[in-house]
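Observations on chain architecture
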Amino acid sequence: MTSDVRPDEDGAAIPPAGRRPSGDRVALRGDLRAALPDATAAVVVTVLVFALLWARMESGASDTVAVMPFMDDPGTYWMYLLSQAFGWSALLWAWGTVILGLLLSGPRPARPAVSRQVLERWHRTTSLTTTALMFAHALMFAAELVRYETKVDWAERLWVAFADTFVPGWYDSGTGQVAIPIGQGALYLAVPLGLLFYVRHRIGANTWRRLHRFVIVVYVLSVWHTLLYGTNVWYGEWPRTVLWLLQLPVAVLLLLRLLRPARRAERLGSAGGGAARPGWWLRAAGRAVAGAVVVGLVVVAVSGRDGGRDRPTHPPATAPHAQETD
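Rules used in this analysis
- Along each chain, the written sequence defines residue order, and numbers are assigned to residues from 1.
- Local features in this predicted model are restricted to residues of pLDDT 70 or higher, and side-chain atom pairs are both shown and tallied only at a pLDDT of 80 or more, whereas totals for entire chains, interfaces and linings draw on every residue.
- With hydrogens and water stripped out, all remaining heavy atoms of the structure feed into the side-chain values.
- For the purposes of this entry, the term helix denotes a DSSP run of H or I that reaches at least four residues, the term strand denotes a run of E that reaches at least two, and both are numbered from the N terminus.
- Summary of the burial criterion: residues with accessible area below 20% of their type's maximum are buried, those above 50% are exposed, and those between are partly exposed, where the area comes from a 1.4 Å probe applied to protein chains only.
- Only heavy atoms enter the contact rule, under which two residues are in contact if any of them lie within 4.5 Å.
- With residues, only the protein chains shown are counted as cover, and all accessible areas are computed by Shrake-Rupley using a 1.4 Å probe.
- A side-chain nitrogen of Lys or Arg and a carboxyl oxygen of Asp or Glu constitute a salt bridge if their distance falls within 4 Å.
- The set of buried Ala, Val, Leu, Ile, Met, Phe, Trp, Tyr and Cys residues whose side-chain atoms join them within 4.5 Å is what this entry labels a nonpolar core.
- Residue count minus one, scaled by 1.5 Å, sets the expected span of a helix.
- Every axis corresponds to a line fitted to the C-alpha atoms, with the helix fit spanning only the stretch in contact, and the corresponding angles, defined between N-to-C directions, vary from 0 to 180 degrees.
- Any angle that falls under 35 degrees is termed roughly parallel, while one over 145 is termed roughly antiparallel, one within 65 to 115 roughly perpendicular, and all others oblique.
- Residue classes follow a fixed rule: Ala, Val, Leu, Ile, Met, Phe, Trp, Tyr, Cys and Pro count as nonpolar, while Asp, Glu, Lys and Arg count as charged, and any other residue, Gly among them, counts as polar.
- Whether two aromatic rings pair depends on their centres lying within 6.5 Å, for rings of Phe, Tyr and Trp, where Trp uses its six-membered ring; planes under 30 degrees apart make the pair stacked, over 60 edge-to-face, and the rest tilted.
- Candidates for patches are residues over 30% relative accessible area with no salt bridge; among them, like charges are joined within 9 Å and nonpolar side chains (Val, Leu, Ile, Met, Phe, Trp, Tyr) within 5 Å.

Okay, the overall build of the chain next. In terms of helices and strands, the chain carries eleven helices and two strands. Among the 326 residues that make up the chain, the fraction classed as buried is 40%. The contacts in the chain between residues at least 6 apart in sequence include a share of 72% that link residues at least 24 apart. Accessible area of the chain: about 17700 Å², with a carbon and sulfur share of 66%.

Right, here's the structure in full:
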């Protein structure tokens, strides 16, 4: 049987005339249904990560406890552990959906193992799952703050937890003053950029395509947030090195996508004059930056200088932030 869709110049699937979906609500609903197996797998991974974090905390091997010794009680801080688990699943799924997107928009193999239609569906469903995991990560962090703020009434506890979690610049303790706004930026960009696909007929394919490129910014912010605030990769040890190494295939695929984009209009060609010159230089600069990132990641991995902190002899015993009082 032949496929019912044909790829346009940039690989987007276009239904043949007379068989377009009745509306983008139907397309979103269909993708939500298709995302159920993917989301189920994400929940399973999250549960496994949660169990691992719990076991490490009980055994005394948790880096989270090394950073914050007062948290040496998984029974009390289980919501924080669950927030961490959702965060790691979200980063893993973000990594996967970015890889799929770069495979779709980069050089096309002569004999692909999987059809473009399947890759596109995987890209969309993993994107939806990633957004849900990011929300779950934030909500469980807020739930832990509600549990923690015991010195004020419930209304105040809910407000403090909401503001610390979702209002940029509100959280005022330690590394979180920088790391949490970065994570919030990733979340607040991920939602519209992911859902714009379903209204592309209203904003235009070219506009959607230009905006969709900023998805890589969401991923960069997510990794940055993790490197800054992920206590499991806080120290300059092998988990942090592995996290850096996982960015290498993303950077290589991004470089290949820029050097040999699927769309002919995005290929570099030769520098022309007039109005075409700024665009040419912008594309050339993008390729140079992507190449520099690849080299930088290799240097980080080889040298071991990955920005990790030294493990202190006497870890700090501070709480996440001072509790609110009336």
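With that settled, consider the pattern of salt bridges. Under the defined criterion, the tally for this structure stands at three salt bridges. A salt bridge links aspartate 306 to arginine 240; the shortest N-O distance between them is 3.9 Å. With aspartate 306 in the segment after helix H11 (276–303) and arginine 240 in helix H10 (residues 238–259), this residue pair connects regions lying 66 residues apart in the sequence. On the basis of relative accessibility, which here comes to 5%, the residue aspartate 306 falls in the buried class.

What follows is about the nonpolar core. Residues Phe86, Leu133 and Met134 are the most contacted members of the largest nonpolar core, which totals 31 residues. Going through the elements one at a time, helix H1 (24–59), helix H3 (78–105), helix H4 (116–148), helix H6 (176–195) and helix H9 (215–229) are the ones with two or more residues in this core. Discounting chain neighbours no more than four positions away, the residues touching methionine 134 are Ala90, Ala186, Leu187, Ala190 and Ser222. Within the second largest apolar cluster, 17 residues are counted, among which are Phe141, Leu145, Ala179 and Ile180.

Moving on: H6. Because each turn of an α-helix spans 3.6 residues, side chains separated by three or four positions in sequence point in the same direction. Taking 1.5 Å as the rise per residue, H6 with 20 residues should run 28 Å; its terminal C-alpha atoms sit 28 Å apart, in good agreement. Buried within H6 are the following residues: Gly176, Ala179, Ile180, Ile182, Gly183, Gln184, Ala186, Leu187, Ala190 and Leu193. On its buried face, H6 sits against H4, helix H5 (154–166), helix H8 (205–212) and H9.

This paragraph deals with the packing of H5 against H6. Remark: H5 packs on H6, axes separated minimally by 8 Å, with the N-to-C direction vectors making an angle of 80°. Here H5 is positioned roughly perpendicular relative to H6, judged by the angle of their axes. Touching Asp164, Thr165 and Phe166 of H5 are Ile180, Gln184, Leu187 and Tyr188, all from H6. Of the residues in the contact of H5 with H6, the class split is four nonpolar, two polar and one charged.

Attention shifts here to the packing of aromatic side chains. Applying the stated criterion across every chain, the model contains nine aromatic pairs. Measuring from ring centre to ring centre gives 5.3 Å for tryptophan 159 and tryptophan 170, while their planes differ by 80°; the resulting arrangement is edge-to-face. Taken together, the positions of tryptophan 159 in helix H5 and tryptophan 170 in the loop between H5 and H6 put the pair eleven residues apart, joining distant regions of the chain. Of the residues examined, tryptophan 170 reaches a relative accessible area of 41% and is grouped as partly exposed. Ring geometry for phenylalanine 197 against tryptophan 208: centres 5.7 Å apart, planes inclined by 65°, an arrangement best described as edge-to-face. On the criterion of sequence distance, the pair formed by phenylalanine 197 in the loop between H6 and helix H7 (200–203) and tryptophan 208 in helix H8 is long-range, its members being eleven residues apart. Residues phenylalanine 197 and tryptophan 208 agree in their burial class; the two are buried. One aromatic cluster is present, formed by Trp159, Phe162, Phe166 and Trp170 through successive ring pairs.

Okay, H9 next. In this model H9 runs 21 Å from its N-terminal to its C-terminal C-alpha over 15 residues, within 8% of the 21 Å that 1.5 Å per residue would give. The complete set of buried residues in H9 reads Val218, Tyr219, Leu221, Ser222, Val223, His225, Thr226, Leu227 and Tyr229. Elements that come into contact with the buried residues of H9 comprise H3, H4, H6 and H10.

This paragraph deals with a nonpolar patch on the surface. Together, Leu189, Leu211, Phe214 and Val217 line one region of the surface with nonpolar side chains, adding up to about 300 Å² of accessible area. Tracing the backbone shows leucine 189 in helix H6.

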